[in-house]
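If you want the building blocks of each chain, they are given just below.
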Amino acid sequence: MASHSPRVLSGLALNELIDELKGLPAPLPPFRSKQIFKWIARGAVSFEEMTDLDKALREDLGSRFLLRSTRVSSQLEDGDGTVKLQIDLFDGARIEAVLLSDAEERKTACISTQAGCPAGCVFCKTGSLGFSRNLDSAEIAEQFLHLKALAARNSPGAASGETGIANIVIMGMGEPLLNLAELRRALSFFFDAEGLGISRRRITLSTSGVIPGIRDLADNGPHIRLACSLTSAREELRNRLMPLAASNPLPQLKAALGYYQQKSGQRITLEAVLLGGINTGREDAAAMAGFAKGLDAVINLIPWNPVEGLQFEGAPLREPSRAELEGFAALLEKSGLKVTRRYRKGRGVAGACGQLGVVGKKDS
Ligand code: SAH
Ligand code: SF4
């Protein structure tokens, strides 16, 4: 993985920060490191802001460390309240993070774990970009810090110290379970009660179904909420739509999800991107119901968000019609499944599911 010089402090868990600052020529006592940790979690972008440290220490730290490694290069706002940030990484790679608001003005941060994605799903813009690299924990954590600052600017009435963000979804660019080590470090940063203190229950990870990652998360935690992008429960079709699925066969995937459920005691979400004319038929619904049987699962239907140029085996992809969407939902409901539909937010700035990596247009 690419590394920085000087060292970046954002995204370190408190114990890692304490260790780092103990290694200085004049080692910092843990309570000082804790003060610095709190500042980072509060969103400080310079040591100057850390007014409870004396000036000489602030200057010394400033000469040795960076607080941030990423920079917001543009902010695109959709009329529906969605804001997409394009974020430049130190090596020139660019990622995206999205702030979503629901009808009750509850905010959700959608963050990325990789620049590009190696999974290559045919319906996804990020997949069509190919894979650049994994993000490190600072690059993951800073997306949240950028979005938090944005949320605070947009609702200045929020009590100080509050994040203003109710939930985090790890559903941006990339396959999170292929970057679990760095993601875990960023999660420790989010959880720490000395800093952001975000609860596990407010964080949802979406995976395209990486079995070893699901099992690792089940065994070693953290037990955040899990969503699995199924999209098709017909093995052969799934493998054609989602090339990485070939190494994660459905029976073993189902077993891994059941294992996560058993270990975490949580309900799981199965996501299905609906592609007009491809995966919305009767047999598709029957296969999906068969897969969900025995799991405590909710099915989340996501009508495909258009991405120009994407094709499936020579034919352009299209959105499902209303009849396809509702017909599919009805078949699943008839087999006793709980079905939700994902609202389409952020399409005006290409900030909706599967559109990240598209250069969005500024709303005028
Ligand atoms: N890589 C992870 C998380 C990021 S993708 C995963 O695949 O689960 C987040 C969600 O967006 C996934 O459920 C994915 O299937 C869906 N998605 C991808 N492209 C889409 C598109 N063009 N329209 C709608 N949903 C899409
Ligand atoms: Fe990667 Fe998810 Fe897109 Fe598939 S849908 S290419 S796993 S980001």
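The preceding data block contains the structure.
Since the model is a prediction, treat every value here as computed from it, not as a measurement.

Trainee: Any details on the site of ligand 1? Residues and values, ideally.
Mentor: In the vicinity of ligand 1 lie 19 residues, with Phe123, Gly174, Ser206, Ser229 and Asn305 positioned nearest. Ser206 places a polar side-chain atom, nitrogen or oxygen, 2.7 Å from an oxygen atom of ligand 1. Bound to the protein, ligand 1 loses 96% of the 530 Å² it would expose on its own. Of all the secondary-structure elements, those providing two or more residues to the shell around ligand 1 are strand S10 (203–207), strand S12 (268–274) and strand S13 (297–303). Class assignment for the residues of the shell around ligand 1 results in nine nonpolar, eight polar and two charged.

Trainee: Requested: an account of unusual backbone geometry, with residues and values cited.
Mentor: Note that the residue after Gly221, namely Pro222, is joined by a cis bond; omega there is 0°. Turning to its location among the elements, Pro222 is positioned in the loop between helix H7 (211–220) and strand S11 (225–229). Of note, the phi angle at Glu105 is positive, near 70°, even though the residue is not glycine. Looking at the secondary structure, you find Glu105 in the loop between strand S5 (94–101) and strand S6 (107–110). A positive phi angle, near 50°, is found at Glu313, a position not held by glycine. Structurally, the position occupied by Glu313 is in the loop between strand S14 (311–312) and strand S15 (315–316). Take Glu313: its relative accessible area is 56%, and that puts it in the exposed class.

Trainee: Go over the sheet that holds S13 with me, naming the residues and quoting the values.
Mentor: Ordered by their spatial adjacency, 10 strands build an open sheet running S3-S4-S5-S6-S9-S10-S11-S12-S13-S16, and the pairing between neighbours is mixed. Strands at the two margins of the open sheet, each flanked by one partner only, are strand S3 (71–77) and strand S16 (338–341). Averaged over all neighbouring strand pairs, the angle between strand axes comes to 25°, with direction disregarded. The sheet contact formed by strand S4 (residues 83–88) and S5 spans six bridges and is antiparallel. Looking at the pairing, Ile87 lines up with Ile95 of S5.

Trainee: Which residues make up the pattern of salt bridges, and what values do they have?
Mentor: Evaluation of the coordinates by the stated rule reveals 25 salt bridges. Of the charged contacts, one joins Arg71 and Asp88 as a salt bridge, the two residues approaching to 3.3 Å between their closest N and O atoms. Linking Arg71 in strand S3 with Asp88 in strand S4, this pair joins segments that are 17 residues apart in sequence. Judged by its relative accessible area of 52%, Arg71 falls in the exposed class. A salt bridge links Arg106 to Asp102; its shortest N-O distance comes to 2.8 Å. Owing to a relative accessible area of 44%, Arg106 belongs among the partly exposed residues under this scheme.

Trainee: Report on helix H2 (residues 30–42), specifying residues and quantitative values.
Mentor: Counting along an α-helix, one turn takes 3.6 residues, and residues three or four places apart therefore face a common direction. End to end, H2 covers 18 Å across 13 residues, agreeing with the expected 18 Å (1.5 Å per residue, within 8%). Residues of H2 that are buried: Ser33, Gln35, Ile36, Phe37, Trp39, Ile40 and Ala41. Close packing links the buried residues of H2 with helix H1 (14–22), helix H3 (55–64), helix H5 (137–154) and helix H6 (180–191). Following H2 by one or two positions, Gly43 has its phi on the positive side, about 105°.

Trainee: Account for the environment of His223, naming residues and giving values.
Mentor: When you line up the elements, His223 lands in the loop between H7 and S11. Along the sequence, His223 and Thr204 sit 19 residues apart, while their C-alpha atoms lie 9.6 Å from each other. Those residues in contact with His223 that lie beyond four places of it in its chain are Arg200, Leu217, Ala218, Tyr260, Lys263, Ser264 and Gln266. Side-chain polar atoms of His223 contact the backbone oxygen of Ala218, separated by 2.8 Å.

Trainee: Outline the packing of aromatic side chains, listing residues and values.
Mentor: Following the criterion strictly, the structure yields three aromatic pairs and no others. The ring of Trp39 is capped by Arg42, whose NZ or CZ atom sits 4.5 Å from the centre of that ring. When the ring centre of Tyr259 is taken as origin, the NZ or CZ atom of Arg215, which lies over that ring, is 4.9 Å away.

Each value, and the rule that gives it
- Residues numbered from 1 in each chain as written.
- Chains lettered and ligands numbered in written order.
- Predicted model: local features only at pLDDT ≥ 70, side-chain atom pairs only at ≥ 80, totals over all residues.
- Heavy atoms only, no water.
- Near = heavy atom within 4 Å.
- Polar contact = N/O pair within 3.5 Å; in protein donor to acceptor, adjacent residues only side chain to side chain.
- Areas by Shrake-Rupley, 256 points an atom, 1.4 Å probe, with all protein chains shown as cover.
- Helix = DSSP H or I, 4+ residues; strand = E, 2+ residues; numbered from the N terminus.
- Nonpolar A, V, L, I, M, F, W, Y, C, P; charged D, E, K, R; others polar.
- Buried < 20%, exposed > 50% of the residue type's maximum accessible area, 1.4 Å probe, protein only.
- Pairing = 2+ DSSP bridges.
- Axes fitted to C-alpha atoms, helices over the stretch in contact; angles between N-to-C directions.
- Salt bridge = Lys/Arg side-chain N within 4 Å of Asp/Glu carboxyl O.
- Expected span 1.5 Å × (residues − 1).
- Contact = heavy atoms within 4.5 Å.
- Phe/Tyr/Trp six-rings, centres within 6.5 Å; stacked < 30°, edge-to-face > 60°.
- Lys NZ or Arg CZ within 6 Å of the ring centre and 35° of its normal.

On their own, these measurements won't tell you what the molecule is for.
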